[in-house]
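Letter by letter, the chains look like this.
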Amino acid sequence: MAKIGIIGAMELEVDALKAAMEVKNTVTRAGMEFKEGTLNGADVVVVRSGIGKVNAALCVQILVDLFQITHVINTGVAGSLNADLDIGDILISKDAIHHDVDATVFGYPLGELPQMGIREFIADEKLVNLAVESCKKVNPDLTVRTGRVVSGDQFISSDDVKKRLIEVFHGDCAEMEGASIAHGAYLNKIPFIVIRAISDKADGSAEMDYTAFEHEAAKHSARLVEDLVQKI
Ligand code: ADE
């Protein structure tokens, strides 16, 4: 039986899911409140991890160790790096990379941690296909793309940095947790998927757009997740 960990960095990324689920148990660890119960008939644990890569990685490990999750879903918002993805649209991870890792001096490609043997964390194909299906059902008017999530402990809000993330990493969206969740899933040998709705274009207008659109975008991703969990 699947038990699905659902992580959002911020409360606004998980509040709708918490409201929709039947909560059976609440546990606090590392300052994170884990809500265990059912969502649309599926066994889930929903949690706000806090922002950034360390919070996200810790959160995955607690979900694995304490709740024995079998799958992990990351839901939330992101900056678009793909001209096809407008504000509100959805990017579903094919893979995820840490864009702030640099051990090139030792011969590793940008994004690859030494001695890991992996740079791109590959999302579960079945989850990706199911997520696309759910998105078309619940968000029929939005563009949905599969592609690459690039993550770092940085809010991307400049044309130059955006350009570099596209040129160096071929990213489709930028955010601050996805690759860490993918990394944690890889180490624990469980399938993962990152689902992100676009809140801004990760450029000079990002700060203003983000503030204006984060709530609406986060709802698009959560709505998709609510439908997806029953299919897993
Ligand atoms: N999350 C949403 N927009 C983002 C951006 N531009 N950079 C990093 N994380 C984000």
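Predicted, not measured: the structure shown is a model, and the values here were computed from it. (Residues numbered from 1 in each chain as written. Predicted model: local features only at pLDDT ≥ 70, side-chain atom pairs only at ≥ 80, totals over all residues. Heavy atoms only, no water.)

Q: Any chance you could break down the site of the ligand for me, citing the residues and the numbers?
A: Close to the ligand lie 13 residues; Gly79, Phe155, Ile156, Glu175 and Asp200 are nearest. Here a nitrogen atom of the ligand sits 3.2 Å away from a polar atom, N or O, in the main chain of Gly79. Ile156 places a main-chain nitrogen or oxygen 2.8 Å from a nitrogen atom of the ligand. Here the ligand, which alone exposes 260 Å², has 96% of that area covered by the protein. Those elements that provide at least two residues to the shell around the ligand are β5 (71-80), β9 (173-175) and β10 (192-200). For the shell around the ligand, the element with the highest residue contribution is β5, accounting for 3 residues. Its residues assigned to classes, the shell around the ligand comprises 8 nonpolar, 3 polar and 2 charged. (Near = heavy atom within 4 Å. Polar contact = N/O pair within 3.5 Å; in protein donor to acceptor, adjacent residues only side chain to side chain. Areas by Shrake-Rupley, 256 points an atom, 1.4 Å probe, with all protein chains shown as cover. Helix = DSSP H or I, 4+ residues; strand = E, 2+ residues; numbered from the N terminus. Nonpolar A, V, L, I, M, F, W, Y, C, P; charged D, E, K, R; others polar.)

Q: Give me the lowdown on the packing of helix α2 (residues 53-67) against helix α5 (residues 178-187), citing residues and values where you can.
A: At a closest axis distance of 8 Å, the pairing of α2 and α5 adopts a crossing angle of 30°. What the angle tells us is that α2 and α5 run roughly parallel. Viewed along their axes, α2 and α5 form a crossing whose handedness is right-handed. Across the interface between the two elements, Lys53, Ala56, Ala57 and Val60 of α2 pack against Ser180, Ile181, Gly184 and Ala185 of α5. (Axes fitted to C-alpha atoms, helices over the stretch in contact; angles between N-to-C directions. Parallel < 35°, antiparallel > 145°, perpendicular 65-115°, else oblique. Left-handed = near helix turned anticlockwise from the far one by under 90°. Contact = heavy atoms within 4.5 Å.)

Q: Tell me what's going on with the side chain of Asp227, and back it up with residues and numbers.
A: Along the chain, the position of Asp227 falls in helix α6 (residues 206-228). Here Lys231 takes part through its side chain, which lies 3.2 Å from a polar atom of the side chain of Asp227.

Q: Tell me about the side chain of His98, residues and numbers included.
A: Position of His98 relative to the elements: it lies in strand β6 (residues 90-98). Of the polar contacts made by the side chain of His98, one reaches the side chain of Lys53; its length is 3.0 Å. In terms of polar contacts, His98 uses its side chain to reach the side chain of His183, at 2.9 Å. If we skip the residues at most four places from it in the chain, His98 touches Lys53, Gly111, Leu113, Phe121, Ser151, Phe169, Ala179, Ser180 and His183.

Q: I'd like a description of the nonpolar core, backed by residues and values.
A: Of all hydrophobic cores here, the largest spans 67 residues; its most connected members are Ile6, Phe34, Val44, Leu63, Ile92, Ile195 and Val229. The contacts of Leu63, once residues within four sequence positions are left out, are Gly5, Ile7, Phe34, Val45, Val47, Gln68 and Ile69. With 8 residues, the next largest nonpolar core counts Val150, Leu165, Phe169 and Ala202 among its residues. (Core = buried A, V, L, I, M, F, W, Y, C linked by side-chain atoms within 4.5 Å. Buried < 20%, exposed > 50% of the residue type's maximum accessible area, 1.4 Å probe, protein only.)

Q: Explain the confidence of the model for the protein chain residue by residue, including any values.
A: Detailed reading of predicted coordinates is not advised where the pLDDT is low. Per-residue confidence for the protein chain gives a mean pLDDT of 97; residues scoring 70 or more make up 100%. Scoring the predicted complex yields pTM 0.97 and, for the interface, ipTM 0.99. (pLDDT = per-residue confidence, 0-100.)

Q: I'd like a description of the pairing of β5, backed by residues and values.
A: Regular strands place side chains that alternate from one sheet face to the opposite one. Most of β5 is tucked away: 10 of the 10 residues are buried. Bridge count between β5 and β10: 8 bridges; the pairing is parallel. Among the inter-strand pairings, Gly79 is bridged to a residue of β10, identified as Asp200. For β5 and β9, the ladder comprises 2 bridges, and the chain directions are antiparallel. Looking across to β9, one finds that Gly79 is bridged to Ala174. (Pairing = 2+ DSSP bridges.)

Q: If you had to explain the environment of Ala182 to someone new, which residues and values would you point to?
A: With respect to the secondary-structure elements, Ala182 resides in helix α5. For the pair Ala182 and His98, spaced 84 residues apart in the sequence, the C-alpha separation amounts to 9.8 Å. In this structure Ala182 touches Ala96, Phe121 and Phe192, once residues within four positions along its chain are discounted.

Q: An account of the pattern of salt bridges is needed here, citing residue identities and associated values.
A: On inspection of all chains with the given rule, the structure shows 16 salt bridges. The closest approach of N and O atoms between Asp100 and Lys53, which form a salt bridge, is 2.5 Å. Remark: Lys53 occurs in helix α2 and Asp100 occurs in the loop between β6 and β7 (121-122); sequence separation between them is 47 residues. The partner of Glu216 in a salt bridge is Lys219, and the shortest N-O contact between them spans 3.6 Å. One end of the pair is Glu216 and the other is Lys219, both in helix α6 and 3 residues apart, which spans about a single turn. Classification of Glu216 by relative accessible area gives partly exposed; the value is 39%. What emerges from the salt-bridge pattern is a single network uniting Glu133, Lys137, Asp227 and Lys231. (Salt bridge = Lys/Arg side-chain N within 4 Å of Asp/Glu carboxyl O.)

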